[in-house]
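# Structure assessment
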Amino acid sequence: MFFYLAETQNDKQKHLALNPEHSILKVLVYFDLFRYPITNEEIYSFLDQGLNREYLNKMLDNLAKQQRIFQLDEFYSLQNDYSLAERRRKGNAFATELLKKASGISTLLYKFPYVRAIGISGSVSKNFADENADIDYFIITKANRLWVARTLMHLYKKNPFVKGRHQHYCMNYYVDEADLLIEEKNIYTATELFTIIPMAGNGSMKKFFESNRWALPFFPNHNLPAVKKETINTEPWFKRLTEFFLNNKMGDWLDDYLLKLTTHRWKKKEEKGRLNTKGEKMGLKTGKHCSKNNPAHFHDWFMEKYERKLTEVKTQWDL
């Protein structure tokens, strides 16, 4: 598994001493699991070591000549399947359209009480989507008010105005300002972190990225997402008024109550083996400062699949 690497000089030296072919392979295996061919620039961005660009080009040309990898126009893949390039182009175009919708929705969601930052995550943040794609939101709330904010936002999602567009309001990952550190530290969470697109906020998103600098050694050629000035929004009067009335012991009690209520409801769903509209097992990991899909239902499964695939291809490549 790719666990957290402490930023000591020795660790950095070990990190940079990795076999270049191994580094390239790890990137291609990761994206191959999503059937997503990638460009030269994307390979460079997600390498776990710094390589000279010219040297990387020679490595890719050599691997392609050996038919260890395949060049599909401007993309590289472990599969010799040109339809993957066409699939990616269509997915990129559709994601561009969804991002336009996500921009307006993010501005709306930021207006909810105690919301401090909104970002886009998931496949859309990686510039890919199909007809059934969701728009996933990463949300930061005020400290100790996550469950008030989450409950209000999910109640809004149930109103008739949103009916038929639920896939555009997938608010599935919340953290609050009291604990911005991501618990799981591996290549999957690092990739998700590096590809978040900040959409609206008051500066908390920048603090979030600074709190998760553990991800930097995974992708030394990739900068953490920049929070642009235009994403910093003013807060509407009704948001400030609601917070004024709940910034007290009653608000503390309400947040704790909603945490217990939501946890109880989701435990029942998991015990019954409930499935979502995509046929996936439902689960939610809850805590005072975090709400997210149960990592055991995809995150852990994906990491195991990634390790198996990586070991399999390493054997084929005789690494």
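Owing to the predicted nature of the structure, the values given are computational and were not obtained by experimental measurement.

Take empty space enclosed by the protein next. Applying the stated rule across the entire model yields one cavity of 30 Å³ or more. Quantified by volume, the largest cavity comes out at close to 30 Å³. Around the largest cavity sit L28, F31, D32, Y36, P37, I38, Y76, S77 and L78, which together line it. Breaking the lining of the largest cavity down by element, the ones donating at least two residues are helix 2 (20–32) and strand 3 (75–77). By residue number, the principal contributor to the lining of the largest cavity is helix 2, which donates three residues. Partitioned by chemical class, the residues of the lining of the largest cavity number seven nonpolar, one polar and one charged.

Once that is clear, we can look at the sheet that holds strand 4 (residues 115–121). Across the sheet, six strands lie side by side as 7-4-5-6-9-8; this open sheet has mixed pairing. The two strands at the open ends of the sheet, each matched to only one other strand, are strand 7 (197–201) and strand 8 (284–287). Shown here is a sheet whose adjacent strand axes are inclined to one another by a mean of 20°, direction ignored. The pairing of strand 4 with strand 5 (residues 136–141) spans six bridges and is classified as antiparallel. If you follow I118 over to strand 5, its bridge partner there is I139.

With that settled, consider the sheet that holds strand 3. Read across the open sheet, the three strands follow the order 1-3-2; overall the sheet is antiparallel. Each having just a single partner strand, strand 1 (38–39) and strand 2 (70–72) make up the two edges of the open sheet. In this structure, strand 1 lies alongside strand 3, joined through two bridges in antiparallel fashion. Bridge assignment links T39 to a residue of strand 3, and that residue is F75.

Mapping D48 onto the fold places it in the loop between helix 3 (40–45) and helix 4 (53–65). A distance of 2.6 Å separates polar atoms of two side chains, one belonging to D48 and the other to S23. At 2.3 Å, the side chain of D48 and the side chain of K26 are in polar contact.

This brings us to the pattern of salt bridges. Tallied over the entire structure, the rule returns 20 salt bridges. When the shortest N-O distance is used, the salt bridge between D256 and K288 registers 2.6 Å. Of this pair, D256 sits in helix 11 (residues 249–271) while K288 sits in the loop between strand 8 and strand 9 (290–293); the two residues are 32 residues apart in sequence, bridging distant segments of the chain. Residue D256 is classed as partly exposed on the basis of its relative accessible area of 34%. It is possible to trace a salt-bridge network through shared partners that takes in D73, E74, E86 and R89.

Mapped onto the fold, Q49 is located in the loop between helix 3 and helix 4. Relative accessible area serves as the criterion here: at 3%, Q49 is assigned to the buried category. Here the side chain of Q49 touches S23 through a polar contact of 2.7 Å, side chain to side chain.

Cut-off values and rules
- Residues numbered from 1 in each chain as written.
- Predicted model: local features only at pLDDT ≥ 70, side-chain atom pairs only at ≥ 80, totals over all residues.
- Heavy atoms only, no water.
- 1 Å grid on protein atoms, 1.4 Å probe; cavity = no way out; pocket = protein on both sides within 12 Å on 5 of 7 lines; lining within 4 Å.
- Points joined across faces, edges and corners; volume = space filled by probe spheres on them.
- Helix = DSSP H or I, 4+ residues; strand = E, 2+ residues; numbered from the N terminus.
- Nonpolar A, V, L, I, M, F, W, Y, C, P; charged D, E, K, R; others polar.
- Pairing = 2+ DSSP bridges.
- Axes fitted to C-alpha atoms, helices over the stretch in contact; angles between N-to-C directions.
- Polar contact = N/O pair within 3.5 Å; in protein donor to acceptor, adjacent residues only side chain to side chain.
- Salt bridge = Lys/Arg side-chain N within 4 Å of Asp/Glu carboxyl O.
- Buried < 20%, exposed > 50% of the residue type's maximum accessible area, 1.4 Å probe, protein only.

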